[in-house]
Amino acid sequence: MDFLKSLGIAASGLKAQSGRMRIIAENIANADSTASTAGGEPYRRKIPTFSSRLDRELNANVVEAGRVRRDPSPFRTKYDPGNPAADARGEVRLPNVNGLIENMDMREAQRSYEANLNMVTATRRMISKTLEILKA
């Protein structure tokens, strides 16, 4: 097994999952925001995407963050005529962010990040053991 290839692949996974967690955190932070003007559009949930590409230096497929898409699902509404963002009917449009989904996505991203980190740790241990054997 090529140790550098293993480290490169795991590092690409770490970077991709880190970006994913950043986007999820942004969604969670904006879950209760409203538009700044009456009848305006509130924050729209972002969806991270991933793609695979061939890293010619490693001669391996690595993962990388792709384009960030906007979730086309409808906004939530709440009747709150006193809110400055309310439309003529007194309805306030709220972001299409579901906290439960975001928390589950965050947990999945964390587990994937940890799996890649464990791969880096295991590879480092194998390199260390190999060097010990070569010294003897």
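The rules behind the values
Residues numbered from 1 in each chain as written. Predicted model: local features only at pLDDT ≥ 70, side-chain atom pairs only at ≥ 80, totals over all residues. Heavy atoms only, no water. UniProt positions renumbered as here; feature names shortened; annotations may be inferred. Helix = DSSP H or I, 4+ residues; strand = E, 2+ residues; numbered from the N terminus. Expected span 1.5 Å × (residues − 1). Polar contact = N/O pair within 3.5 Å; in protein donor to acceptor, adjacent residues only side chain to side chain. Pairing = 2+ DSSP bridges.

Peer 1: So what's going on with the UniProt feature "domain: Flagellar basal-body/hook protein C-terminal" (unreviewed entry) in the chain? Which residues, and what values?
Peer 2: Under the local residue numbering, the UniProt record ascribes the feature "domain: Flagellar basal-body/hook protein C-terminal" (unreviewed entry) to residues 92-132. Across residues 92-132 one finds 83% helix and 7% strand; the C-alpha atoms that close the span lie 65 Å apart.

Peer 1: Which residues make up helix α1 (residues 3-29), and what are the values?
Peer 2: Taking 1.5 Å of rise per residue, the 27 residues of α1 would be expected to cover 39 Å, and the 39 Å separating its terminal C-alpha atoms lies within 8% of that figure. The N-cap of α1, judged by a side-chain oxygen 3.3 Å from the amide nitrogen of L4 a few residues on, is D2.

Peer 1: Residue-level account of the pairing of strand β3 (residues 60-65), with values.
Peer 2: Along a regular strand, successive side chains alternate from one face of the sheet to the other. The pairing of strand β2 (residues 50-55) with β3 spans six bridges and is classified as antiparallel. Following the sheet pairing, D55 is matched in β3 by A60. Once β2 ends, the chain turns through four residues before running back antiparallel as β3, passing N59 with a positive phi of about 55°.

Peer 1: Outline the UniProt feature "domain: Flagellar basal body rod protein N-terminal" (unreviewed entry) in the chain, listing residues and values.
Peer 2: When the UniProt feature table is mapped to this numbering, "domain: Flagellar basal body rod protein N-terminal" (unreviewed entry) covers residues 9-34. The span residues 9-34 shows a helical share of 81% and a strand share of 0%, and its end C-alpha atoms are spaced 40 Å apart.

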